[in-house]
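Examining the three-dimensional arrangement
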Amino acid sequence: MYAPGTESLIKQAREIQEEELQKFYGRVLKQLQSSKDAGGELVDSLQRLHLIVSATKYARTLPPELSKKLQALLRSPSSPEQFHALSSAILRESLPLSAQSLSIEFNQDSRALSYLASVVLSQAGRKEDLLPLCQHLLRSLESRQPEIQPPKHTLPILSKMFTFSSLLLSEDQVNLVSRKLADWLRYASVHQGASISSGGFFTSPRTRQPALMTEVDGAVAGDFFTVLCVGQNYTDDQWMNMYTFSMVKSWLLTYNTEGSSNVDSAQLKRTQVIQTPYQDDRSEMDSSVMSMVSATSSSSRLLPPKERLREKAFEYCHRLIEQSDRKALKRADAELQKACMVEAVSVMDIICSEDASYVYRAFPCIKALHGRLSTDLAFARALLPVAQFYLNHSETAAVDSEAIFCQLFSRFPAELFNEPMLAFEFVHFCLHNVSVLQEKVAVYRRSFPNLLKFLAWNGPGLISEFMELLPSLLAPDTALELLHTLLDLPCLAATLDLQHRSACYQVQNWDVWDQQGAKMAVSLEAFRQPTYRGLFLYILRPEAGTGDTIDRLSMLHEALEGMVESPRVVHCAQIVPVLLHVYFNTVTQLADERLINQLLQVLVERSSLLYNIKSFSIEVQRVFSMHLQTLCKLHPPLIVDQYKELLEFASTTTNIYSKEDFYTHLVWVIGEYLSLSYNPCCTVELITSFFEGLEAVLFEITQVRQSASPPRYTPRLLTVLMTALAKLASRSQDLIPRASLFLSKIHSFAHSGPVEICFSEDDTEEIITCAQELNNLLKLPNVAQFVLTPAAQADGPRWHRDTNTALPHRMRAISSLLQNHSSFLPA
Amino acid sequence: MVLCFLIHTVCPVGVLSAGESRILYSRIFGQEEPVLSGEGRELTPEQRRLAQKERHNVVARQVRSAVCLSREASGSVCAEAVLGEETVALGEADSGVLSLGPGEPFARQSVALWLGVQALAFTLVCQPYENLLLAEGTLHKLARYCLEELRLLGLGSEVLLKSDRVDALLQRLLPHGQLLFLNHRFAQNMDKELSSYMSK
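Residues numbered from 1 in each chain as written. Chains lettered and ligands numbered in written order. Predicted model: local features only at pLDDT ≥ 70, side-chain atom pairs only at ≥ 80, totals over all residues. Heavy atoms only, no water.

Remarks on the overall build of chain A
This is how it is decided: Numbering of helices and strands starts at the N terminus; helices are DSSP runs of H or I of at least 4 residues and strands are runs of E of at least 2. The buried label goes to any residue with under 20% of its type's maximum accessible area, the exposed label to any with over 50%, and the partly exposed label to all in between, with areas taken from a 1.4 Å probe on protein chains only. A contact between two residues is defined here by any heavy atoms of the two lying within 4.5 Å.
For chain A, the helix and strand inventory stands at 45 helices and two strands. For chain A, with 827 residues in total, the buried portion stands at 56%. Counting only contacts in chain A whose residues sit at least 6 apart along the sequence, the fraction spanning at least 24 positions is 75%.

This is the structure we're talking about:
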């Protein structure tokens, strides 16, 4: 598909020599000057010129003469469209800027003007550069003769302009455009445009009444014209109607807010609405001269332009919603109906936000739409704006909105998790409304198991959204369950994958999926077995609250063994650590003592209970390690409260080999926080039992035997263990001799054969120094306690600034004691 | 409003480093808002153009990686379609959307909608409040036209040399970045105009 030829063309265009380029410019210029009847040769040259100026990211400057000629070509109303397109593209891509010289006098031809406008729009550096074009467009709108329609492309250009800067239009101009938009929206002809071939040999064109527009299902149009009306040909005002509806949302978003209109007029409008809700409609339907009668209908004429536009846009959207119930004959129209529903509901939403009196008129229609859409998941995306409408206005209208949110949060994620567009829109809907959902929609927080299905399936594409969303899903009562759910996210991905496959493929086709087919087939078999049913149902549960986790998690992991290499599962496993960081950073802000205790239990338990994906455990344990320290720092008595679990974990040597990082951190927090200064309940017995546990482990891993295998842990683990031991000993002086004895043995261990092979010289040196220093410290128990168990406030700045308390200051004193006056030391 | 439309590669290209994408067609609809409101006014036109091209490259790269991830996850192996099989190729196309945060690379938050057809991707970058259903339909239409009129499934280089066809296409289906609500009859009317343009 992408051919080497294309690549070499780009290369040629980029590397063209200056001399050759100038020659080429000259040739194009000559062709432009000479050809009255410009032909294929010129087209070819212009196409090449465009490639040359656009292929590089550095701008090329055209000779002024050539630039002028191209501008002339762009302005000339008689030249074919291809020349307009090409000259416009070349001028857009090259220098010198031509926007200013193009803005002097404008063409009346709609198409040429549009190509010219694209140059002006792309080169404008300041708002002022757009003004001449803007004024020209507005003048063309102002034309008093109703039969002369302004150029077709006026509205898109205008629309682009005001999205740049709403200040481009003055208040009067905004009113002018609003008035025009309202007319085009509401009063386009309902008759078909005259066909070019109308009036055959036998029928004179004059006698034929133009046919009425039809609806998308083929019925004759029952009301005013909208984009969902179908006819052979469209009149100019019908085209304008289409352009108007396409831009009306961004217009309302930009200029809807009340600037000038006063309270009286709003009041006036409201009474009219109550008295004659659809007067315009009726008068129009009864009349055969549609647009003129409606255009002069008094009721809406009284309204200020912005409010009148609001009224007309509202009626238009109302009609569109009704029209979208019709069964479209063409597939394209059925798609358009959906897009129209989305647009109509969001326009109504904007209008209601500006003027609450519309809420009462809108709700019957929105409710009916909801009723229609809610049964069919094919309309899921159209239901999101409806939900937004409920969220914004149901309180004003005292309408119950629970049903719609229950449906939204229960069915959509569970059944439509594999639709990336819906997933994106759904998650952004949540993000957009996060505070309201948190406050007012109870089902939102409970639904996190469901919402996470979007993430599990779509993986990295939604990670940044979920990082933002996650804190809002966290509540104290479900915090633990959320943590388990995050850890099980790859399992969820695997299960969704299985569910999807089992629905899509027949049993006999298993082996044709891909190379991994056979392995997956085993998992799929498990997925269908009743033994595992409960496990999978738990993983796929829609709501939180059925329990934090399940007992037989390892069984589930085994059942899903065949899926560990599935790309979706691997992608999912990669994003879990990121989410865990967000989780812990949030949870530590709201956690109380009880929750922190529970979290620590989960960390210890889950550090060895993870889905066996390559490097997943290591990454997760790294996150655990980091936040273990935070938890302990936040609530130091934790170590005493949870001593049973911690002691068991720390005394199990095999933990070193499966999760060294987490183990090291755990040992560190034990050494740091198992102290009377952090917890008054910390007893000597407790310190002794931890000491003995660690001592046993250290003893086991530092045995010097010829037959012993070289150490399978890092030197860091060793030093952390030694330090922890020394710290504990300093807090219970009976233990000091045992610690000292042990530390003195380290020297011979470090110099034993297998260790020297495994650790570098520097590492060995480091281990020996550490042992020696600790040993020296322990010889002065009071000093040891001071250094190894600093007061809890040691983190405070005062400890480091005040010379009387400053830790470095004291450390220096101690080290000089230890090093220079070693004779002070007891023998 | 749509900010820009790109056609770019999602396959490895010889001279480019891995993960890079070659942009074959790019169209930006007007300047970005901050340029007009004064920010970045100190930039010269050359610098502004360069920044614009770099922004396109960022989008293309991100889309490329999204397409690859999505293809990898779904495990789909698409059969090579050849000229004339545009409908098949479109039927098998992957599509998706990604959110571009403020400054990444556009000043305001925006949304990139993509459609991956074999070795190429078609990308629309729009404002976040845009009607994505409509944008998706428009992108699909644009891709179909481009595949057919530029013979993208073939081995030629029409996409570079006949880019004015894309301009003419955008002029109608997406004038100045405005998404349009076109029913099948409006679309047919535009079809007629377009085919007379293309036949020249």
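Read on for the rest.
Let's talk about the confidence of the model for chain A
Heads up, the condition is: Scored from 0 to 100, pLDDT records how confident the predictor is in each individual residue.
Per-residue confidence for chain A gives a mean pLDDT of 84; residues scoring 70 or more make up 86%. In the model, residues 259–298 of chain A has pLDDT below 50 throughout and makes 56 contacts with residues more than four positions away in sequence or in other chains.

Quick word on the interface of chain B and chain A
The test is simple: By definition, the buried area sums, over both parts, the 1.4 Å-probe accessible area that each loses when the two are put together. The term salt bridge refers to a pairing of a side-chain nitrogen on Lys or Arg with a carboxyl oxygen on Asp or Glu at a separation within 4 Å. By the criterion applied in these results, polar contacts are pairs of N or O atoms within 3.5 Å in which, for protein atoms, one can donate a hydrogen and the other can accept it, and in which residues neighboring in sequence qualify only through two side-chain atoms.
Each side of the interface is counted separately: chain B has 82 residues, and chain A has 88 residues. For the pair chain B and chain A, the two sides together bury roughly 7300 Å², of which 60% comes from carbon and sulfur. Here B:Arg22 makes a salt bridge to A:Glu7, at a shortest N to O gap of 2.3 Å. Counting across the chain B and chain A interface gives 30 residue pairs in polar contact (both at pLDDT 80 or more). Tallying contributions element by element places helix H2 (residues 45–74) of chain B first for the side of chain B that touches chain A, with eleven residues.

A few points about the packing of helix H18 (residues 357–373) of chain A against helix H19 (residues 380–393) of chain A
Residues and elements named next belong to chain A. Put simply, the rule reads: With axes taken as lines fitted to C-alpha atoms, and helix axes fitted only over the stretch in contact, angles between N-to-C directions fall between 0 and 180 degrees. Crossing chirality is assigned from the near helix's rotation relative to the far helix, an anticlockwise turn below a right angle marking it left-handed and a clockwise turn marking it right-handed. Amino acids are sorted into nonpolar (Ala, Val, Leu, Ile, Met, Phe, Trp, Tyr, Cys and Pro), charged (Asp, Glu, Lys and Arg) and polar (every other residue, Gly among them).
Between H18 and H19, whose axes approach to 10 Å, the crossing angle comes to 145°. When you trace H18 past H19, the crossing you get is left-handed. Side by side, H18 and H19 meet where Val 359, Ala 362, Phe 363, Ile 366, Lys 367, Leu 369, His 370 and Leu 373 of the first sit next to Ala 382, Leu 383, Val 386, Phe 389, Tyr 390 and His 393 of the second. The residue makeup of the contact of H18 with H19, split by class, is eleven nonpolar, two polar and one charged.

Details of the packing of aromatic side chains
Formally: When the centres of two rings from Phe, Tyr and Trp lie within 6.5 Å, Trp using its six-membered ring, the rings pair. Their planes under 30 degrees apart give stacked, over 60 give edge-to-face, and anything left gives tilted. Only when the NZ of Lys or the CZ of Arg is both within 6 Å of the ring centre and within 35 degrees of the ring normal is a charge said to sit over the ring.
For the structure on display, the rule yields 30 aromatic pairs over all chains. With a centroid separation of 3.8 Å and 10° between ring planes, the pair formed by A:Tyr234 and B:Phe186 is classed as stacked. Of this pair, A:Tyr234 sits in the loop between strand S2 (229–230) and helix H11 (236–255) while B:Phe186 is found in helix H7 (residues 184–198), placing the two residues in two different chains. A residue is classified by how much of its surface remains accessible, and B:Phe186, at 0% relative accessible area, is buried. Aromatic pair A:Tyr583 and A:Phe584: ring centres 5.3 Å apart, planes at 85°, arrangement edge-to-face. A:Phe584 shares its class with A:Tyr583; the two are buried. Pairwise contacts between aromatic rings join A:Tyr583, A:Phe584, A:Phe624, A:Phe649, A:Phe662 and A:Tyr663 into one cluster. Above the ring of A:Tyr538, the side-chain terminus of A:Arg541 is found at 4.1 Å from the ring centroid. A cation over an aromatic ring shows up here: A:Arg712 above the ring of A:Tyr657, its NZ or CZ 4.1 Å from the ring centre.

Side note on the UniProt feature "domain: AP-5 complex subunit zeta-1 ARM repeats" (unreviewed entry) in chain A
Under the convention used in this document: UniProt positions are given in the numbering used here, feature names are shortened, and annotations may be inferred rather than shown by experiment.
Under the UniProt annotation, "domain: AP-5 complex subunit zeta-1 ARM repeats" (unreviewed entry) lies at residues 336–453 of chain A. The straight-line gap between the two end C-alpha atoms of residues 336–453 of chain A is 29 Å; of that span, 81% is helix and 0% is strand.

Side note on the UniProt feature "signal peptide" (unreviewed entry) in chain B
The positions UniProt marks with the feature "signal peptide" (unreviewed entry) are residues 1–18 of chain B. Annotated as residues 1–18 of chain B, this span is 0% helix and 44% strand, and its ends, taken at the C-alpha atoms, are 32 Å apart.

Comments concerning the environment of A:Leu131
Turning to its location among the elements, A:Leu131 is positioned in helix H8 (residues 127–142). Exposure remark for A:Leu131: the relative accessible area of 31% places this residue in the partly exposed category.

Points about a negative patch on the surface
Residue and element names in this part refer to chain A. Put simply, the rule reads: For patch detection, residues must exceed 30% relative accessible area and be free of salt bridges, and they are connected within 9 Å for like charges or within 5 Å for nonpolar side chains (Val, Leu, Ile, Met, Phe, Trp, Tyr). Accessible surface area values rest on a Shrake-Rupley calculation with a 1.4 Å probe, where residue burial reflects the displayed protein chains alone. For the charge count, each Lys or Arg is scored as positive and each Asp or Glu as negative, with His and the chain ends excluded. All charge positions are set by atom: Lys at NZ, Arg at CZ, Asp at CG, Glu at CD.
There is a patch of like negative charges on the surface, built from Glu 756, Glu 761, Asp 762, Glu 765, Glu 766 and Glu 773. With five residues, the top contributor of residues to the negative patch is helix H42 (residues 761–779). Here Glu 766 lies in helix H42.

Side note on the pattern of salt bridges
Applying the stated rule across the entire model yields 37 salt bridges over all chains. In this structure, the salt-bridge partner of A:Lys440 is A:Glu395, at a minimum N-O distance of 3.6 Å. Separated by 45 residues along the polypeptide, A:Lys440 in helix H22 (residues 434–440) and A:Glu395 in the loop between H19 and helix H20 (402–416) bring together distant segments of the chain. Judged by relative accessible area, A:Glu395 falls into the exposed class, the value being 61%. For the salt bridge of A:Arg446 with A:Glu543, the shortest nitrogen-to-oxygen distance reads 2.9 Å. Of this pair, A:Arg446 sits in helix H23 (residues 442–446) while A:Glu543 sits in the loop between helix H29 (530–539) and helix H30 (553–559), and the two are 97 residues apart along the sequence. Look at A:Arg446 and you get partly exposed, because its relative accessible area is 35%. Ionic contacts of the salt-bridge type, sharing partners, join the residues A:Glu81, A:Arg111, B:Arg172 and B:Glu193 into one network.

Some details on the sheet that holds strand S5 (residues 120–126) of chain B
All names here are of chain B. Using the following cut-off: Being paired, for any two strands, means DSSP has found at least two bridges between them.
With respect to topology, five strands assemble into an open sheet ordered S2-S1-S5-S4-S3, the strand pairing being antiparallel. Every other strand in the sheet has two partners, leaving strand S2 (23–28) and strand S3 (94–100) as the edge strands with one partner each. Sheet twist, expressed as the mean angle between neighbouring strand axes with direction ignored, is 15°. Strand direction decides the pairing type here: S3 and strand S4 (residues 110–117), joined by seven bridges, are antiparallel. Within the sheet, the bridge partner assigned to Gly 96 lies in S4 and is Trp 114.

Here we look at the nonpolar core
Within soluble globular proteins, side chains that are nonpolar generally end up buried alongside one another. The condition is simple: To define a nonpolar core, start from buried Ala, Val, Leu, Ile, Met, Phe, Trp, Tyr and Cys residues and group those joined through side-chain atoms within 4.5 Å.
One finds A:Phe409, A:Tyr583, B:Phe5 and B:Phe122 to be the most contacted residues of the largest nonpolar core, which totals 324 residues. Counting residues in each nonpolar core, the second largest holds 16 residues, with B:Cys4, B:Leu6, B:Ile28 and B:Ala112 among its members.

Some words on the packing of helix H26 (residues 479–487) of chain A against helix H31 (residues 567–590) of chain A
Residue and element names in this part refer to chain A. To keep things clear, this is the line we draw: Here is the rule for angles: anything less than 35 degrees is roughly parallel, anything more than 145 is roughly antiparallel, 65 through 115 is roughly perpendicular, and the remaining ranges are oblique.
Where H26 contacts H31, the two axes come as close as 10 Å, and the packing angle between them is 165°. By the angle class used here, H26 and H31 are roughly antiparallel. Handedness of the H26/H31 crossing: left-handed. Here Ala 479, Leu 480, Leu 482, Leu 483, Leu 486 and Leu 487 of H26 come into contact with H31, specifically with Val 576, Leu 579, Leu 580, Tyr 583, Phe 584 and Val 587.

Observations regarding the pairing of strand S1 (residues 2–9) of chain B
Residues and elements named next belong to chain B. Across the eight residues of S1, eight count as buried, placing the element largely inside the fold. Two strands pair when backbone bridges link them, and S1 and S5 are joined in this way by seven bridges, in the antiparallel orientation. Looking at the pairing, Phe 5 lines up with Leu 124 of S5. As paired elements, S1 and S2 share five bridges and run antiparallel to each other.

A few points about the environment of A:Gln407
All names here are of chain A. Following the sequence through the fold, Gln 407 ends up in helix H20. With near-sequence residues (within four places) excluded, Gln 407 lies in contact with His 370, Ser 374, Leu 383 and Phe 412. Side-chain polar atoms of Gln 407 contact the backbone oxygen of Ser 374, separated by 2.6 Å.

Some details on unusual backbone geometry
A cis amide bond links A:Leu95 with the next residue in sequence, A:Pro96, at an omega value of 0°. Mapped onto the fold, A:Pro96 is located in the loop between helix H5 (81–93) and helix H6 (99–102). Backbone geometry at B:Arg151 places phi at a positive 50°, although glycine is not the residue there. Mapped onto the elements, B:Arg151 comes out in the loop between helix H4 (132–149) and helix H5 (158–161). A residue is classified by how much of its surface remains accessible, and B:Arg151, at 42% relative accessible area, is partly exposed. Of note, B:His176 is a non-glycine position whose phi angle comes to about 55°, a positive value. The residue B:His176 is located in the loop between helix H6 (163–173) and H7 in this model.

Some thoughts on helix H10 (residues 171–186) of chain A
The following threshold applies: Expected helix span is given by 1.5 Å per residue-to-residue step, counting one fewer step than there are residues.
Between its first and last C-alpha, H10(A) extends 23 Å over 16 residues, near the 22 Å set by a 1.5 Å rise per residue. Of the positions making up H10(A), those classed as buried are A:Gln173, A:Val174, A:Asn175, A:Leu176, A:Val177, A:Ser178, A:Leu181, A:Ala182, A:Trp184, A:Leu185 and A:Arg186.

A short note on the environment of A:Ile757
All names here are of chain A. Its place among the elements puts Ile 757 in helix H41 (residues 753–758). A relative accessible area of 74% places Ile 757 in the exposed class. Separated by 325 residues in the primary sequence, Ile 757 and His 432 have C-alpha atoms spaced 59 Å apart.

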